[in-house]
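Spelled out, the chains give:
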Amino acid sequence: MASRRNLKRKSPEKYEEDGAFVFPLDELNQDLLERVLSWLPTSTFLSLSSVCKRWKSAATSPVFHSACSQIPTREPWFYMVDSSQSSHFKNQQQFVYDSAEMKWKFLNSPSNFLEEKQQNESNLSNFLPVAASSGLLCFHNEENGEFLISNPVTSSFRKLPSLDYSNNTLCAIGMYSTQESYKVYLIFGETPNLSFRVYNSTTNTWEDSQVLSRKPSQSFSPDDDDEEEDSQMLYFLSKCGNVVATEIQKTPCKQYSSITTTKDRQEILCFLNSSGKVVVCNFAEKHFFEYPRLLPLHNEYSIDLVECGGEIFVVVLSEFLETASLRIWKFDEKEWTWNQVFAMPAAISHEFYGKKLDINCSGSGEQLFVCISNSFDESCRYFLCNLAGNEWTELPACYRKFSCAFSFQPRIEASV
């Protein structure tokens, strides 16, 4: 007579030879499996989604998207813009630097968008990234004023309703997104005559134009004496004998660049005006003010704005006493002064002396990405700084040349 023990089904082996506990993922129900998968880095999940149909189906599951949205933050990807100023949609390749895996990779472009635009190459060449927030990128076609929002990870996209602003001078474009919605901000005019319009994804409409007035407390800033100089381009001779203009020169993808953040639960947008001053726009209170100029007008330097961890920084590459320095500054509104907070090691920055380089920066969390490009020989170098310890790392070269980058979090669940 067989024993009771032999009649029972043998329990699955849960232990390896070294005694480690093993729990097969196949035994998890679908909801629990998707919650586990949501904690994987995005690049890892995309690689493993080809393992089986069950794992692949998680990418479009509402439960998986909900679980992903609960992950507070993800290591940023930096969307690279070609130094040849051509659109990535035209080349059908979108390059990113994955800070989690520390390597370059390319993404597929939105195929539906490509098919729709294939007959108009001029539109493709003018469609450039202009802003990013969370897991989304904003693209702008300067030729016809069209805007498009895209999730680079999923290649999903949405065209925004058309907007005619041909009678206004566009000076800045910004974007701010949450889990539920996003907004696109357009700043028009020149200081002190500024106005703005907002696209709200919740209503899928552009709100009416509103005026930004100068903040009363800043009406008599010490820089007011320079306002007449700010309104016109001046020229001077550099120490090398070159004629230099005081007006900030921007690359096409950075022509309307800005950064957006929140302060006291109010949405703030900052941008560099043509004279190099930082303009701060408060949309809730409908006012703006300017920080004092960091360097004199006659100084020759490259400058960019960046947001890291909700803080606003200015990155400056300049030359002084036969050496070059790359320094990061933060403005103290209480003391009304600029303070240097970080700097690239002098041994690295000295290599840039006398080379007429341009910097374009992007930030996310405690990471600062710096593109340093030379327009004469089209050379590019890329650095990543961990602000927590002021640690600078030069990234490996890529066979493509990039002039700037936009940081975003690779979020599969980000909806356009």
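The model shown is predicted, which means the values in this text are computed figures rather than measured ones.

> For this particular structure, what's the right way to read the overall build of the chain?
Tallying secondary structure elements over the chain gives ten helices and 27 strands in all. When each of the 416 residues of the chain is scored for burial, the buried share is 49%. The contacts in the chain between residues at least 6 apart in sequence include a share of 52% that link residues at least 24 apart. When the accessible surface of the chain is summed, it comes to about 21,600 Å², and 49% of that surface belongs to carbon and sulfur atoms.

> Honestly, the nonpolar core in this entry has me stumped. Any pointers?
One recurring pattern in soluble globular proteins: nonpolar side chains tend to sit buried together. Counting residues in each nonpolar core, the largest one holds 23 residues, and the members touching the most others are L37, F64, Y79 and F406. Leave out the neighbours within four places in its chain, and F64 touches E34, L37, S38, F45, A58, A59 and I412.

> Help me understand helix α2 (residues 30–37), please; the structure alone is not making it clear to me.
Every α-helix winds through 3.6 residues per turn, so residues three or four apart in the chain are directed the same way. Here α2 has its buried residues at L33, E34 and L37. An end-on view of α2 places all buried positions within 100° of arc, on one side of the element. Of the surrounding secondary structure, the elements contacted by the buried residues of α2 are α3 (42–48), α4 (53–57) and α5 (62–69).

> What is the right way to read the sheet that holds strand β19 (residues 301–308) from this model?
Each strand in a sheet pairs with another by means of backbone hydrogen bonds, the pair being arranged parallel or else antiparallel. Within the open sheet, the four strands sit side by side as β19-β20-β21-β22. Their pairing is antiparallel. Edge positions in the sheet fall to β19 and β22 (337–343), since each of these pairs with one other strand and no more. Recorded for the sheet is a direction-independent mean angle of 35° between the axes of neighbouring strands. Both strand β21 (residues 324–332) and β22 contribute to a ladder of six bridges, which runs antiparallel. Of the residues in β22, the one forming a bridge with R327 is A343.

> Would you mind showing me how to read the pairing of strand β8 (residues 170–177) here?
Two faces make up the sheet, and in a regular strand the side chains alternate between them. Within β8, seven of the eight residues are buried, leaving the element largely enclosed by the surrounding structure. Inspection of the sheet shows β8 paired to strand β9 (residues 182–190) by seven bridges, in the antiparallel sense. In the sheet register, Y176 faces β9, and the bridge partner there is K183. Joining the antiparallel neighbours β8 and β9 is a turn of four residues.

> Just checking my understanding: could you explain the pairing of strand β27 (residues 402–408) for this structure?
Of all seven residues in β27, seven are buried, a share of seventy percent or more. Inspection of the sheet shows strand β1 (residues 77–82) paired to β27 by six bridges, in the antiparallel sense. The residue bridging F78 from the neighbouring strand is S407, located in β27.

> So what exactly am I meant to see when it comes to the environment of R214 here?
Take R214: it is sitting in strand β12 (residues 210–214). A distance of 3.2 Å separates a polar atom in the side chain of R214 from a polar atom in the side chain of E290.

> Looking at this structure, I do not really get the pattern of salt bridges. What am I missing?
Where charged atoms of side chains with opposite charge meet at close range, the side chains can pair. Enumeration according to the criterion identifies 13 salt bridges in this entry. Put simply, D98 and K105 hold a salt bridge, and the shortest N to O gap is 3.0 Å. Accessibility classification places D98 together with K105 in one group, the buried group. Across the pair R214 and E290 runs a salt bridge, and its minimum N-O distance is 3.2 Å. Note that R214 is positioned in strand β12 and E290 in strand β18 (residues 287–290), a separation of 76 residues in sequence. Each of D98, E101, K103 and K105 takes part in salt bridges that share partners, so that together they form one network.

> When you look at unusual backbone geometry in this model, what are you seeing that I'm missing?
What is expected of a backbone is that most residues other than glycine have negative phi and most peptide bonds are trans. Residue P192 is reached from T191 by a cis peptide bond, and omega for that bond is 10°. Despite not being glycine, D264 has its phi angle at roughly 55°, a positive value. Checked against the element boundaries, D264 lands in the loop between β15 (259–263) and β16 (266–272). If you check the backbone angles, R265 has positive phi at about 65° while not being a glycine. Mapped onto the secondary structure, R265 falls in the loop between β15 and β16. Here R265 falls in the exposed class, since its relative accessible area comes to 85%.

> Explain the layout of surface pockets here, please?
One way to see where empty space is left: roll a probe the size of a water molecule over the atoms. Empty space within the second largest pocket amounts to approximately 480 Å³. Around the second largest pocket sit 22 residues that line it, and K263, I268, Y291, I312 and E333 are the ones nearest its centre. Broken down by secondary-structure element, the contributors of at least two residues to the lining of the second largest pocket are β15, β16, β17 (278–282), β18, β20 (311–319) and β21. Partitioning the lining of the second largest pocket into residue classes produces six nonpolar, seven polar and nine charged.

> So what exactly am I meant to see when it comes to the environment of V279 here?
Mapped onto the elements, V279 comes out in strand β17. Residues V279 and P292 lie 13 residues apart in sequence; the distance between their C-alpha atoms is 9.5 Å. Ignoring any residue separated from it by four or fewer positions in sequence, one finds V279 in contact with T191, L194, L269, C270, F271, N273, F288, F289 and E290.

> Any chance you could explain the state of the cysteines here in plain terms?
Here is the idea: a disulfide is a covalent bond, and it sits between the sulfur atoms of two cysteines. This model, assessed by the stated rule, comprises zero disulfides. Cysteine C308 is unpaired, with the sulfur of C385 as its nearest cysteine sulfur at 8.4 Å. No disulfide involves C380; its sulfur sits 7.4 Å from the nearest other cysteine sulfur, which is in C371.

> Is there a simple way to think about the packing of aromatic side chains in this case?
Each aromatic ring pair is characterised by the separation of its centres together with the angle its planes make. In total, this model carries 28 aromatic pairs according to the counting rule given. Where Y291 meets F331, the ring centres are 4.1 Å apart and the plane angle is 25°; that geometry is what we call stacked. Here Y291, found in the loop between β18 and β19, pairs with F331, found in strand β21; they are 40 residues apart in sequence, far enough to count as distant. For the pair shown, Y291 and F331 are each scored as buried.

Parameters and conventions
Residues numbered from 1 in each chain as written. Predicted model: local features only at pLDDT ≥ 70, side-chain atom pairs only at ≥ 80, totals over all residues. Heavy atoms only, no water. Helix = DSSP H or I, 4+ residues; strand = E, 2+ residues; numbered from the N terminus. Buried < 20%, exposed > 50% of the residue type's maximum accessible area, 1.4 Å probe, protein only. Contact = heavy atoms within 4.5 Å. Areas by Shrake-Rupley, 256 points an atom, 1.4 Å probe, with all protein chains shown as cover. Core = buried A, V, L, I, M, F, W, Y, C linked by side-chain atoms within 4.5 Å. Arc of directions from axis to C-beta. Pairing = 2+ DSSP bridges. Axes fitted to C-alpha atoms, helices over the stretch in contact; angles between N-to-C directions. Polar contact = N/O pair within 3.5 Å; in protein donor to acceptor, adjacent residues only side chain to side chain. Salt bridge = Lys/Arg side-chain N within 4 Å of Asp/Glu carboxyl O. 1 Å grid on protein atoms, 1.4 Å probe; cavity = no way out; pocket = protein on both sides within 12 Å on 5 of 7 lines; lining within 4 Å. Points joined across faces, edges and corners; volume = space filled by probe spheres on them. Nonpolar A, V, L, I, M, F, W, Y, C, P; charged D, E, K, R; others polar. Disulfide = S-S within 2.5 Å. Phe/Tyr/Trp six-rings, centres within 6.5 Å; stacked < 30°, edge-to-face > 60°.

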